[in-house]
Amino acid sequence: MHVTTGFCPCLLISLSALTFAASKPNPLTSSLSVTVLVDFEKPHSEVSLKAMRESLAALMAPAGIATDVAIKSDLPPGAQFAELVVFKMKGYCTMDAQAVPIGAILDERGPLALAYASDGEVLHFGEVECDHIRHSLGRLLGAAASVKNQTAMGHAMAKVMAHEIYHMLGNAKEHTHKGLTKTSLSADELLDGSLKLPDDALAVLDKLRPNGESPRP
Ligand SMILES: [Zn+2]
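In this text, all values refer to a predicted model and were calculated from it rather than measured experimentally.

## Some remarks on the overall build of the protein
Inference 1: Each helix and strand counted, the protein has 5 helices and 5 strands in total.
Inference 2: For the protein, the sequential pattern of α-helices and β-strands runs β-α-β-β-β-β-α-α-α-α.
Inference 3: Put simply, 76% of the contacts in the protein that link residues at least 6 apart link residues at least 24 apart.
Inference 4: Accessible area for the protein stands at about 10300 Å²; split by element, carbon and sulfur atoms hold 56% of it.

Shown next as structure tokens:
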């Protein structure tokens, strides 16, 4: 379930027959609306958040999935959603090192993001490891908290979230051989604007629709 920058510590759960019962498509529209609820545990960059929101929408659109990113702390109590995935945003989701307290421990080898699984089903709940993403990008971009870097951070966050949403909505425990949903993503790939959901992942997500029709022309 993880997307990592190195070898894959994935498949902590055993593989079993894939099922696609996780999501109920809206029969009235060809687009599946999914609320992506993000729960920041630390201060984050608004520039990165805006870039993530735009980038995630663009990444999921070919799958016919319309994402609406909502901030957990902004929600009224008791808010309800038809289709929901939740991400705990761990660490500091910003390129601004000033926002990170001195002495914070940054683990470079852990996952960039992960989805939880239980009883053979991928849950609609995961984590994004923002400190790890920032560290990975920082090697190529430097530590400046420029608008350009914060935007790149947001785009990278969207990539690892789209990867996990594929696992969650598709109840997919396997990775693809290429594209956004392969086992690991390098810093270069996190910055690669051409990286997309591959056909294999789109085919899995198509099964969320009535008759499995493709939303793509
Ligand atoms: Zn994965």
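## Points about the packing of aromatic side chains
Any two aromatic rings considered together are summarised by their centre-to-centre distance and by the angle between their planes.
Inference 1: Scanning all chains against the criterion turns up 1 aromatic pair.
Inference 2: Ring plane angle 15 degrees and centroid distance 5.5 Å describe the contact between Y116 and F125, whose orientation is recorded as stacked.
Inference 3: Since its relative accessible area comes to 32%, Y116 is described here as partly exposed.
Inference 4: Note on F125: relative accessible area 34%, which makes it partly exposed.

## As for the pairing of strand β5 (residues 121-129)
Inference 1: Two strands pair when backbone bridges link them, and strand β3 (residues 84-90) and β5 are joined in this way by 5 bridges, in the parallel orientation. For K90, the partnering residue across the bridge sits in β5 and is E129.
Inference 2: For strand β4 (residues 113-118) and β5, the ladder comprises 5 bridges, and the chain directions are antiparallel. Looking across to β5, one finds that A117 is bridged to V122.
Inference 3: Taken together, β4 and the strand that follows it, β5, pair antiparallel across an intervening segment of 2 residues, in which D119 is found at a positive phi of about 50 degrees.

## As for the sheet that holds β4
Inference 1: Taken in spatial order, the 5 strands of this open sheet run β2-β1-β3-β5-β4, and their pairing is mixed. Edge strands, defined here as strands with exactly one partner in the open sheet, are β2 (65-71) and β4. Pairs of neighbouring strands in the sheet enclose a mean axial angle of 25 degrees, with direction left out of account.
Inference 2: Bridging between strand β1 (residues 32-40) and β3 involves 6 bridges; their strand directions are parallel. Paired with V38 across the strands is F87, a residue of β3.
Inference 3: Packing against the sheet, helix α2 (residues 130-141) makes contact with β3 and β5, and its axis sits at approximately 55 degrees to β5.

## So, the layout of surface pockets
Inference 1: Looking at the largest pocket, its volume works out to about 200 Å³.
Inference 2: The wall of the largest pocket is formed by 14 residues, among which S55, L59, K159, G193 and L195 lie closest to the centre.
Inference 3: If you list the elements that add at least two residues to the lining of the largest pocket, you get α1 (46-60) and α3 (147-170).
Inference 4: Among the residues forming the lining of the largest pocket, the class breakdown is 8 nonpolar, 3 polar and 3 charged.

## Observations regarding the pairing of β2
Inference 1: Burial analysis of β2 places 5 of its 7 residues in the buried class, which makes it a mostly covered element.
Inference 2: Note on the crossover from β1 through α1 to β2: the handedness is right-handed.

## Here's the deal with helix α5 (residues 199-206)
Inference 1: Of the positions making up α5, those classed as buried are A201, L202, V204, L205 and D206.
Inference 2: Looking at the buried side of α5, the elements it contacts are α1, β2 and α3.

## A look at the confidence of the model for the protein
Inference 1: Across the protein, the average pLDDT comes to 84, with 82% of residues at or above 70.
Inference 2: Predicted confidence in the protein is weakest over β4, with a mean pLDDT of 90, and strongest over α1, with 97.
Inference 3: Note on residues 6-28: pLDDT under 50 across the span, and 46 contacts to partners over four residues away in sequence or across chains.

## A closer look at the pattern of salt bridges
Inference 1: Scanning the model with the defined rule gives 7 salt bridges in all.
Inference 2: Across the salt bridge formed by K50 and E54, the nearest N and O atoms sit 3.1 Å from each other. With K50 and E54 both in helix α1 and 4 residues apart, this pair spans about one turn of that helix.
Inference 3: Overall, the relative accessible area of 51% leaves K50 in the exposed class.
Inference 4: Among the charged side chains, a salt-bridge network with shared partners connects D39, K72 and K88.

Cut-offs used in this document
Residues numbered from 1 in each chain as written. Predicted model: local features only at pLDDT ≥ 70, side-chain atom pairs only at ≥ 80, totals over all residues. Heavy atoms only, no water. Helix = DSSP H or I, 4+ residues; strand = E, 2+ residues; numbered from the N terminus. Contact = heavy atoms within 4.5 Å. Areas by Shrake-Rupley, 256 points an atom, 1.4 Å probe, with all protein chains shown as cover. Phe/Tyr/Trp six-rings, centres within 6.5 Å; stacked < 30°, edge-to-face > 60°. Buried < 20%, exposed > 50% of the residue type's maximum accessible area, 1.4 Å probe, protein only. Pairing = 2+ DSSP bridges. Axes fitted to C-alpha atoms, helices over the stretch in contact; angles between N-to-C directions. 1 Å grid on protein atoms, 1.4 Å probe; cavity = no way out; pocket = protein on both sides within 12 Å on 5 of 7 lines; lining within 4 Å. Points joined across faces, edges and corners; volume = space filled by probe spheres on them. Nonpolar A, V, L, I, M, F, W, Y, C, P; charged D, E, K, R; others polar. Right-handed = clockwise from strand over helix to strand, strands pointing away. pLDDT = per-residue confidence, 0-100. Salt bridge = Lys/Arg side-chain N within 4 Å of Asp/Glu carboxyl O.

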